[in-house]
Amino acid sequence: MNNFDYDTCPTDLDSDRLPQHVAVIMDGNGRWAKRQGFPRIAGHRQGARTLKNLVHCCKDWGIPALTAYAFSTENWRRPLEEVDFLLVLFERLLRQELAEMDHEGVRISFIGDLSPLPPSLRREIDRAVLATANNQAVHFSVAVNYGSRAELTHACRQIAEQVRQGTLQPEDINEQVIEQHLYTSGTPDPDLLIRSSGELRLSNYLLWQLAYAEFYFTDVFWPDFDRAVFYKALQHYQMRDRRYGTVKLQQSYAG
Ligand code: FPP
């Protein structure tokens, strides 16, 4: 049955059990482009449109947070033209889409080490983050020059520095302290991770934060990831039994 218009959340989904935070690995842009006979960059351009539509969809369906993996610490190893294209694309999109996103109530933030990015892109990032800081409809977070291992290393260094300065005792280091030093500090962990294009890997994405997330993999290439595919991912998510390491009472051996 596929007769929804998808403007609002499909009624067979339980609105009380929607994921509160969805993380996406937007994979398959290059293969999508190749299949159409286009250069790889055309796939990224179309992938950016897909992402914009997904942000709107999260707002329309009542999903309050979305985090997208736009550029990993490993992506610098791609051909220079592709890296340059992606950085220019991020900057252009921020400039073009900021007013509409702000109007829609989207709060934009970034995770990753932004220090090696071109100054003009960093300026657009700062502008977008500042302009949308008080928006409440959807928290849209973009991972740029992000890698989980680098994030955890960075957190360890900051914590070690506090220990060296005597402001933190080693025995006081706990999960909350580590969480406070991650780029995602203050944002609830994702409930659902979606990866497109048939790849079944995490690729150094949110390794700490995805500890209890449900995973959904689809063969669809990212540029073709539309509301119908998202709906399917949410249907699967709602079929899962999230136990967080516990057992259900009727399944336990007690009594
Ligand atoms: C992976 O597909 C995709 C990327 C590395 C880039 C994703 C970026 C966008 C969709 C643009 C988003 C824009 C903003 C502002 C966040 P791939 O190139 O690895 O595809 P392949 O595996 O088929 O080669």
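Right, let's walk through the structure included here. No experiment lies behind these values; they were computed from the predicted model shown.

Observations regarding helix H3 (residues 80-103)
In a regular helix each residue adds 1.5 Å, so 24 residues correspond to 34 Å; H3 covers 35 Å between its end C-alpha atoms and thus fits that length. Of all the bends found along H3, the most pronounced is centred on Glu 97 and spans about 55°. Those residues of H3 that sit buried are Glu 82, Val 83, Phe 85, Leu 86, Leu 87, Leu 89, Phe 90, Glu 91, Leu 94, Glu 97, Leu 98 and Met 101. Gly 105 lies just past H3 and shows a positive phi near 85°.

Re unusual backbone geometry
Of note in this structure, Asn 204 is not a glycine but carries a positive phi near 65°. Tracing the chain through its elements places Asn 204 in the loop between strand E5 (192-195) and strand E6 (214-217). Non-glycine residue Leu 206 carries a positive phi angle of around 50°. With respect to the helices and strands, the residue Leu 206 is situated in the loop between E5 and E6. Given the relative accessible area of 2%, Leu 206 is considered buried.

Considerations on the packing of helix H1 (residues 29-36) against helix H2 (residues 40-61)
Packing of H1 against H2 brings their axes to within 7 Å, and their N-to-C directions diverge by 120°. Here H1 runs over H2; the crossing is right-handed. Residue-level contacts link Asn 29, Gly 30, Trp 32 and Ala 33 of H1 to Arg 40, Ala 42, Gly 43, His 44, Gln 46 and Gly 47 of H2. In terms of residue class, the contact of H1 with H2 is made up of three nonpolar, six polar and one charged.

Some thoughts on the packing of H3 against helix H4 (residues 119-132)
At a minimum axis separation of 9 Å, H3 and H4 run at an interaxial angle of 20°. What the angle tells us is that H3 and H4 run roughly parallel. Considering the relative orientation of H3 and H4, their crossing is left-handed. Along its contact with H3, which presents Leu 87, Phe 90, Glu 91, Leu 94, Arg 95, Leu 98 and Asp 102, the element H4 presents Ser 120, Leu 121, Glu 124, Ile 125, Arg 127, Ala 128, Ala 131 and Thr 132.

Some points on helix H5 (residues 148-164)
Under the 1.5 Å per step criterion, the end-to-end length of H5 is 24 Å for 17 residues, consistent within 8% with the ideal 24 Å. Every buried residue of H5 is listed here: Ser 148, Glu 151, Ala 155 and Ile 159. Along the axis of H5, the buried positions cluster into a sector of 65°, meaning they face one direction only. In this structure, H5 carries Arg 149, Cys 156, Arg 157 and Arg 164 as exposed residues pointing more than 90 degrees from its buried face. Where H5 is buried, its residues contact strand E4 (138-146) and helix H6 (175-180). Gly 166 sits one or two residues past H5 and shows a positive phi near 80°.

Cut-off values and rules
- Residues numbered from 1 in each chain as written.
- Predicted model: local features only at pLDDT ≥ 70, side-chain atom pairs only at ≥ 80, totals over all residues.
- Heavy atoms only, no water.
- Helix = DSSP H or I, 4+ residues; strand = E, 2+ residues; numbered from the N terminus.
- Expected span 1.5 Å × (residues − 1).
- Bend = angle between axes of the 7 residues up to and from the residue.
- Buried < 20%, exposed > 50% of the residue type's maximum accessible area, 1.4 Å probe, protein only.
- Axes fitted to C-alpha atoms, helices over the stretch in contact; angles between N-to-C directions.
- Left-handed = near helix turned anticlockwise from the far one by under 90°.
- Contact = heavy atoms within 4.5 Å.
- Nonpolar A, V, L, I, M, F, W, Y, C, P; charged D, E, K, R; others polar.
- Parallel < 35°, antiparallel > 145°, perpendicular 65-115°, else oblique.
- Arc of directions from axis to C-beta.

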